Amino acid sequence: MKRAERLHALSEMLRRHGSRGCSADRLAREFGVSVRTVKRNLAALESSGAPVWSRPGPGGGYGLAAGATLPPVSLSPAQAVALLAAVSAAPDAPYADLAAAGIQKILDVIDPRTRARADELAGRVWVNALPSPSRAIRSALEEAMAEQRVIRIRYTSRDGTTTTRDVEPVLFASTNGQWYLVAWCRLRNAMRWFTMTRVERASVTRTACSGHTVREVGEPPANARPVHGRGE
């Protein structure tokens, strides 16, 4: 997870804990970083103007001052559950962690009666999601795509061959229940589809992508479409 994303997710977690606050140890476990890193991130949040408070001693921790919330949101119970179901059913989707954080932000500010009805309805929707890549690998792939930088991956193909290669991310695609990273492979000098669950390691380099476009991937299937969120 990029530092900027972690700062945002950190502020959201503090906001959800409200007046109870949250210990630095728990925050460190949640984000897979050291307590020292968490405290640096908290200091950065405070410097940026976030109303962070701290309470020392046993049972102490960190939180956000009251009022650091979203304005009221109008959402029906069915709409709330639809959002929950969509993210729960696709934990392997790109940016799923950020989507879950966004949904939680919405759920935290809807009125209590609607939230209670949404919670009851959510208990009537079950999902059996496919395994997803590790959080670290997903975060690296997402960062490389958003920043358009070359990413170095260790990849095991279906026949068991393992290679390390530098690729230029072009798009994420979902088909037949699998998510793929479609990228220009510098090793093969061609466009390749990489099953995301087969990526064993991923590290973002400082090298900018050379400008390969979505058109180079080819024509999408007739029922494929970009995720614009326009209800099309």
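Now for a look at the structure at hand. Nothing here was measured: the structure is a model prediction, and the numbers come from that model.

## What to know about the packing of helix α4 (residues 77-88) against helix α6 (residues 112-122)
Viewed as axis vectors pointing N to C, α4 and α6 meet at an angle of 50°, and their least axial separation amounts to 8 Å. If you check the angle between α4 and α6, you find them oblique. At the point where α4 passes α6, the crossing takes the right-handed sense. For the pair formed by α4 and α6, the contact residues are Pro77, Ala78, Ala80, Val81 and Leu84 on the first element and Thr114, Arg117, Ala118, Leu121 and Ala122 on the second. Along the lines of polarity and charge, the residues of the contact of α4 with α6 split into eight nonpolar, one polar and one charged.

## Some points on the pattern of salt bridges
The final tally for this structure, using the stated rule, is eight salt bridges. Among the ionic pairs, arginine 135 bridges to aspartate 97, the shortest N-O distance being 3.3 Å. Residue arginine 135 is found in helix α7 (residues 135-147), and its partner aspartate 97 is found in helix α5 (residues 96-109); the two are separated by 38 residues along the sequence. Residue class for arginine 135 comes out partly exposed when judged on its relative accessible area of 33%. Aspartate 97 sits in the partly exposed class, given a relative accessible area of 30%. It is possible to trace a salt-bridge network through shared partners that takes in Asp97, Arg135 and Arg138.

Conventions and cut-offs
Residues numbered from 1 in each chain as written. Predicted model: local features only at pLDDT ≥ 70, side-chain atom pairs only at ≥ 80, totals over all residues. Heavy atoms only, no water. Axes fitted to C-alpha atoms, helices over the stretch in contact; angles between N-to-C directions. Helix = DSSP H or I, 4+ residues; strand = E, 2+ residues; numbered from the N terminus. Parallel < 35°, antiparallel > 145°, perpendicular 65-115°, else oblique. Left-handed = near helix turned anticlockwise from the far one by under 90°. Contact = heavy atoms within 4.5 Å. Nonpolar A, V, L, I, M, F, W, Y, C, P; charged D, E, K, R; others polar. Salt bridge = Lys/Arg side-chain N within 4 Å of Asp/Glu carboxyl O. Buried < 20%, exposed > 50% of the residue type's maximum accessible area, 1.4 Å probe, protein only.

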